[in-house]
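As a plain string of letters, each chain reads:
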Amino acid sequence: MLSERRLQVLRAIVQDYVGTEEPVGSKALTERHNLGVSPATVRNDMAALEDEGYIAQPHTSAGRIPTDKGYRLFVDKLAEVKPLTAPERRAIQNFLDGAVDLDDVVARTVRLLAQLTRQVAVVQYPSLTRSTVRHVELLSMAPARVMLVLITDTGRVEQRMIDCPAPFGETSLADLRARLNSRVAGRRFTDVPQLVQDLPEGFEAEDRGTVQTVLSTLLETLVERTEERLMIGGTANLTRFGHDFPLTIRPVLEALEEQVVLLKLLGEAKDPGMTVRIGHENAHEGLNSTSVVSVGYGSGGEAVAKLGVVGPTRMDYPGTMGAVRAVARYVGQILAES
């Protein structure tokens, strides 16, 4: 266990290095921070932190920089999430309130996160598997053609055209719509197959084929892997951090192009808490020089997807964590109200 004073020294090193981009020396630390001890004592503390792998000496510089292990301790023990200012919170709310539909909410969230953190923002679309049905609409397009519109509690809208085996009248369609919604509205997607399996039996024999076709299309819509959709923005922000990536920025950009990598990075949506992965904690080699801050978002206290940012390990962790958390909260509110 590190002593309280050495923790303070580590905190000061992280704050200075993040703020100045320069390796930090003992003299600068004692001048900038009220550590209450001499530069010689600070030098001893820094030597101990280096021995334990929390800081390192880059090339021949006199100063030290935090390692992944040092940042990890800073995030776990020393960093307090920095709340946003009132004007920042108002700006977020006004910007997100202007969204017209779910795609717009996701697009605005990505832009907002990238601007607030000046890093790469990644937002996962709400997962269908954790959603509930708000309403199913059935519209007659022709005597044997129906449009199915599925609306979820997160504001997501899925549309499908259905070619029916026989003509289906307006009265029958209205009847099917009413019975279907009475069973599935407000229910989780995972419960729907069970809830509708005996529905065709309540219809006339000549209509059962069409009812079955409509139900099959509905069930296919529920299980499609549309939750794997992501939106990413602010990639150009990484170019500001050129010197933070040891060799080149290219492996980072290539990793960010792989959707599967990004989904793994954000982590499971069912784990809604704040996650910070630092440097080599990221399994993908191209992202060993980055940190990922992510959190779940959703309505009614349940996470339906994740959002987060990717940036260099030399990151303002308290500020980034505060921004990610605040944006997730506002997006959740919008989904709840939509």
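Residues numbered from 1 in each chain as written. Predicted model: local features only at pLDDT ≥ 70, side-chain atom pairs only at ≥ 80, totals over all residues. Heavy atoms only, no water.

On to unusual backbone geometry. Trans is the prevailing form of peptide bonds, just as negative phi is the prevailing case for residues other than glycine. Phi is positive for Glu-21, close to 65 degrees, though the residue is something other than glycine. Its place among the elements puts Glu-21 in the loop between α1 (4-20) and α2 (26-32). Here Glu-21 falls in the partly exposed class, since its relative accessible area comes to 38%. For Arg-118, which is not glycine, the phi torsion reads 55 degrees and is therefore positive. In this structure, Arg-118 sits in the loop between α6 (102-117) and β3 (120-124). In this structure Arg-118 comes out as partly exposed when scored by relative accessible area, which is 46%. (Helix = DSSP H or I, 4+ residues; strand = E, 2+ residues; numbered from the N terminus. Buried < 20%, exposed > 50% of the residue type's maximum accessible area, 1.4 Å probe, protein only.)

When the terminal C-alpha atoms of helix α12 (residues 317-337) are compared, their 30 Å separation across 21 residues agrees well with the 30 Å that a helix rising 1.5 Å per residue should span. Within α12, 16 of the 21 residues are buried, leaving the element largely enclosed by the surrounding structure. Its side-chain oxygen at 3.1 Å from the backbone nitrogen of Gly-319, Asp-316 defines the N-terminal cap of α12. (Expected span 1.5 Å × (residues − 1). Polar contact = N/O pair within 3.5 Å; in protein donor to acceptor, adjacent residues only side chain to side chain.)

Looking now at the side chain of Thr-320. Looking at where Thr-320 falls in the secondary structure, it is placed in helix α12. At a separation of 3.4 Å, a polar atom in the side chain of Thr-320 contacts the side chain of Gln-119. In this view, Thr-320 contacts Thr-117, Gln-119, Val-293, Val-309 and Met-315; residues no more than four positions away in its chain are not counted. (Contact = heavy atoms within 4.5 Å.)

Let us now look at the environment of Asp-316. Assignment of secondary structure puts Asp-316 in the loop between β10 (305-312) and α12. Asp-316 sits in the partly exposed class, given a relative accessible area of 34%. When sequence neighbours within four positions are dropped, the list of residues in contact with Asp-316 reads Val-18 and Lys-82. Separated by 3.1 Å, the side chain of Asp-316 and the backbone nitrogen of Gly-319 make a polar contact.

Right, let's talk about the sheet that holds strand β5 (residues 145-152) for a bit. Sheet architecture is open: three strands sit in the order β4-β5-β6, paired in antiparallel fashion. Two strands close off the open sheet at either side, each with one partner strand: β4 (133-142) and β6 (157-163). If you compare each strand with its neighbour and ignore which way they point, the axes differ by 20 degrees on average. Relative to β5, β4 runs antiparallel, the two being bridged by eight bridges. (Pairing = 2+ DSSP bridges. Axes fitted to C-alpha atoms, helices over the stretch in contact; angles between N-to-C directions.)

Further remarks concern the domain arrangement of the protein chain. Examined at the domain level, the protein chain breaks down into domain 1 (4-78), domain 2 (86-126 + 228-337) and domain 3 (129-224). Computed from C-alpha atoms alone, the centre-to-centre distance between domain 1 and domain 3 is 62 Å. (Domains from an automatic or database assignment.)

A separate point is α1. Since one α-helical turn is 3.6 residues long, residues separated by three or four positions face the same way. Across its 17 residues, α1 extends 24 Å between first and last C-alpha, which sits within 8% of the 24 Å expected from 1.5 Å per residue. Those residues of α1 hidden inside the fold are in contact with α2, α3 (39-51), β1 (55-56), β2 (65-66) and α4 (68-78). Positive phi appears at Glu-21, one or two residues downstream of α1, with a value of about 65 degrees.

Applying the stated rule across the entire model yields one aromatic pair. Look at Tyr-71 and Tyr-317: their rings are 5.6 Å apart centre to centre, the planes differ by 50 degrees, and that puts the pair in the tilted class. A residue pair is termed long-range when its members are at least 10 positions apart, and Tyr-71 in helix α4 and Tyr-317 in helix α12 qualify at 246 residues. Take Tyr-71: its relative accessible area is 2%, and that puts it in the buried class. Of the residues examined, Tyr-317 reaches a relative accessible area of 0% and is grouped as buried. The ring of Phe-203 carries the charged tip of Arg-179 above its face, separated from the ring centre by 4.1 Å. When the ring centre of Tyr-125 is taken as reference, the NZ or CZ atom of Arg-229 above it lies at 4.0 Å. (Phe/Tyr/Trp six-rings, centres within 6.5 Å; stacked < 30°, edge-to-face > 60°. Lys NZ or Arg CZ within 6 Å of the ring centre and 35° of its normal.)

Across the sheet, which stays open at both edges, the five strands sit in the order β7-β3-β10-β9-β8 with antiparallel pairing between neighbours. Each end of this open sheet is capped by a strand with a single partner; those strands are β7 (230-233) and β8 (275-278). Taken pair by pair, the neighbouring strands of this sheet meet at an average axis angle of 15 degrees, ignoring direction. Where β3 and β7 come together, four bridges link them in antiparallel fashion. Along β7, the bridge assignment pairs Gln-124 with Leu-230. Each of β3, β7, β8, β9 (290-297) and β10 touches helix α11 (residues 259-266); the most contacted strand, β7, lies at about 90 degrees to it.

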